[in-house]
Amino acid sequence: MYALLNQYSFFIIGLLGLPIIWLVVSRFFSWQTSAIFLLLLLVVVGIFQQTRSVNQANVETQSDWEALFTSNKPILLQLYSDYWIGCLSTKSAVDRLERRLGSKWIVARVDVHSSLGLSLKKSYSVVSVPGFVMFESNGQVIDKSYSLPDYDRLISIESDSSQ
């Protein structure tokens, strides 16, 4: 149950919020004006969802995933959901981390709603999103976290694994 609430919080909050907004707006305006307001609000929320969605699924198939391990670089896997506010709010932080890591690490983002995401989530026992799994260049799991890994920690892992 927690996993469903976790992955779909954006959707659930929207479903709970719309009737409340409808009640408040309909007390001050006619039902036609309230309906137009609600429709505009849905459009704005939809645009927000599209602009904030991770949409950086550079890994979409099992073969894409397996090909990452041929690069001889450590890999940071982010399992995310476009329907969870926590994942949407960490997108910019993960983008910054990816830029800072440069070519030292590969950052792979996989949507948990895809078949690959479901498979990886199960394989690495990730119970919450965003979930981060760190791999050595040989594919060995180093660590798992439910918060954004620290840059210095990743750099120290990278230098430890290269020795």
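Residues numbered from 1 in each chain as written. Predicted model: local features only at pLDDT ≥ 70, side-chain atom pairs only at ≥ 80, totals over all residues. Heavy atoms only, no water.

Student: Residue-level account of the overall build of the protein chain, with values.
Tutor: Within the protein chain one finds seven helices and four strands. Across the protein chain, helices and strands are ordered from the amino to the carboxyl terminus as α-α-α-α-β-α-β-α-β-β-α. Across the 163 residues that make up the protein chain, the buried fraction comes to 36%. Considering only contacts within the protein chain whose residues lie at least 6 apart along the sequence, 67% involve residues at least 24 apart. Approximately 9500 Å² of the protein chain is accessible, and the part contributed by carbon and sulfur atoms is 62%. (Helix = DSSP H or I, 4+ residues; strand = E, 2+ residues; numbered from the N terminus. Buried < 20%, exposed > 50% of the residue type's maximum accessible area, 1.4 Å probe, protein only. Contact = heavy atoms within 4.5 Å. Areas by Shrake-Rupley, 256 points an atom, 1.4 Å probe, with all protein chains shown as cover.)

Student: Go over the side chain of Q78 with me, naming the residues and quoting the values.
Tutor: With respect to the helices and strands, the residue Q78 is situated in strand β1 (residues 75–80). With residues near it in sequence (within four places) discarded, Q78 still touches T90, V94, A108, R109, V110, P130, G131 and F132.

Student: Which residues make up the sheet that holds β1, and what are the values?
Tutor: Read across the sheet, four strands follow the order β2-β1-β3-β4 without closing on themselves; strand pairing throughout is mixed. In this open sheet, the two strands that pair with only one neighbour each are β2 (106–111) and β4 (141–145). For this sheet the average axis-to-axis angle between neighbouring strands, irrespective of direction, equals 20 degrees. Note: strand β3 (residues 131–135) against β4, four bridges, orientation antiparallel. The residue bridging F132 from the neighbouring strand is S145, located in β4. (Pairing = 2+ DSSP bridges. Axes fitted to C-alpha atoms, helices over the stretch in contact; angles between N-to-C directions.)

Student: Tell me about helix α5 (residues 85–101), and name the residues and values.
Tutor: With 17 residues, α5 ought to run about 24 Å at 1.5 Å a step, and its terminal C-alpha atoms sit 25 Å apart, in line with that. The largest bend along α5 reaches roughly 40 degrees and is located at K91. If you check which residues of α5 are buried, you get G86, C87, L88, T90, K91, A93, V94, D95, L97 and L101. Two residues or fewer after α5 comes G102, characterised by a positive phi angle close to 55 degrees. (Expected span 1.5 Å × (residues − 1). Bend = angle between axes of the 7 residues up to and from the residue.)

Student: Account for a nonpolar patch on the surface, with residues named and values stated.
Tutor: On the surface, a nonpolar cluster with roughly 460 Å² of combined accessible area is contributed by I20, V24, F28 and F29. If you trace the backbone, V24 turns up in helix α2 (residues 9–28). (Patch = residues over 30% accessible without salt bridge, like charges linked within 9 Å, V, L, I, M, F, W, Y side chains within 5 Å. Salt bridge = Lys/Arg side-chain N within 4 Å of Asp/Glu carboxyl O.)

Student: Can you tell me about the pattern of salt bridges, naming the residues and giving the values?
Tutor: Tallied over the entire structure, the rule returns four salt bridges. Ionic pairing is found between D143 and R153, a salt bridge with its closest N-O pair at 2.4 Å. Of the two residues, D143 is situated in strand β4 and R153 in helix α7 (residues 151–162); the sequence distance between them amounts to ten residues. Given the relative accessible area of 37%, R153 is considered partly exposed. Counted as one network, the salt bridges with shared partners bring together K91, D95, E98 and R109.

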